[in-house]
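Fold and contact review
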Amino acid sequence: MAFENNDKAKGYWNENLRLVLSLLAIWAAVSFGCGILLVDVLNEIHFMGFKLGFWFAQQGSMYVFVALIFVYAAKANALDKKYNVQED
């Protein structure tokens, strides 16, 4: 990966870091928030026969994590194209 200049490299890594931190915030909110902090509130709602708080703690968070992987891959590829450092 070769950047045209240092400003483009810094811009790329700043945007990449912002993307990673935002996805980590979603990950933390889902795993810690829905699976631990809000479990009592979410357990009042039933989803597919299970209490929603239990479902998030056991399965729902894994679905969100996998979705975040695909979101990161798509956004990172778009970022690579923006800075002209994509793989050929």
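Since the model is a prediction, treat every value here as computed from it, not as a measurement. (Residues numbered from 1 in each chain as written. Predicted model: local features only at pLDDT ≥ 70, side-chain atom pairs only at ≥ 80, totals over all residues. Heavy atoms only, no water.)

Thoughts on the UniProt feature "domain: Sodium symporter small subunit" (unreviewed entry) in the protein
The sites that UniProt annotates as "domain: Sodium symporter small subunit" (unreviewed entry) are residues 10-85. Across residues 10-85 one finds 83% helix and 5% strand; the C-alpha atoms that close the span lie 13 Å apart. (UniProt positions renumbered as here; feature names shortened; annotations may be inferred. Helix = DSSP H or I, 4+ residues; strand = E, 2+ residues; numbered from the N terminus.)

Considering unusual backbone geometry
Unlike most non-glycine residues, Met48 shows phi in positive territory, near 55°. For Met48, the position within the fold is in the loop between strand S1 (46-47) and strand S2 (50-51). The phi dihedral of Asn84 falls on the positive side, at around 60°, and the residue is not glycine. Inspection of the secondary structure assignment puts Asn84 in the segment after helix H3 (52-82).

Thoughts on the UniProt feature "transmembrane region" (unreviewed entry) in the protein
Mapped onto this structure's residue numbering, the UniProt feature "transmembrane region" (unreviewed entry) falls at residues 20-42 and 54-74. Helix makes up 100% of residues 54-74 and strand 0%, and the two end C-alpha atoms of the span are 30 Å apart.

Quick look at the nonpolar core
Generally speaking, a soluble globular protein has its nonpolar side chains buried in company with each other. By size, the foremost hydrophobic cluster in this structure holds six residues: Val30, Cys34, Leu42, Leu52, Trp55 and Phe56. Counting residues per element, the ones that place at least two in this core are helix H1 (6-37) and H3. Looking at which element gives the most residues to this core, the answer is H3, with three residues. Leu42 has contacts with Cys34, Leu52, Gly53 and Phe56, leaving out every residue within four places of it along the chain. (Core = buried A, V, L, I, M, F, W, Y, C linked by side-chain atoms within 4.5 Å. Buried < 20%, exposed > 50% of the residue type's maximum accessible area, 1.4 Å probe, protein only. Contact = heavy atoms within 4.5 Å.)

Some remarks on the side chain of Asn16
Position of Asn16 among the secondary structure elements: in helix H1. Not counting chain neighbours up to four residues away, the residues in contact with Asn16 comprise Tyr72 and Leu79.

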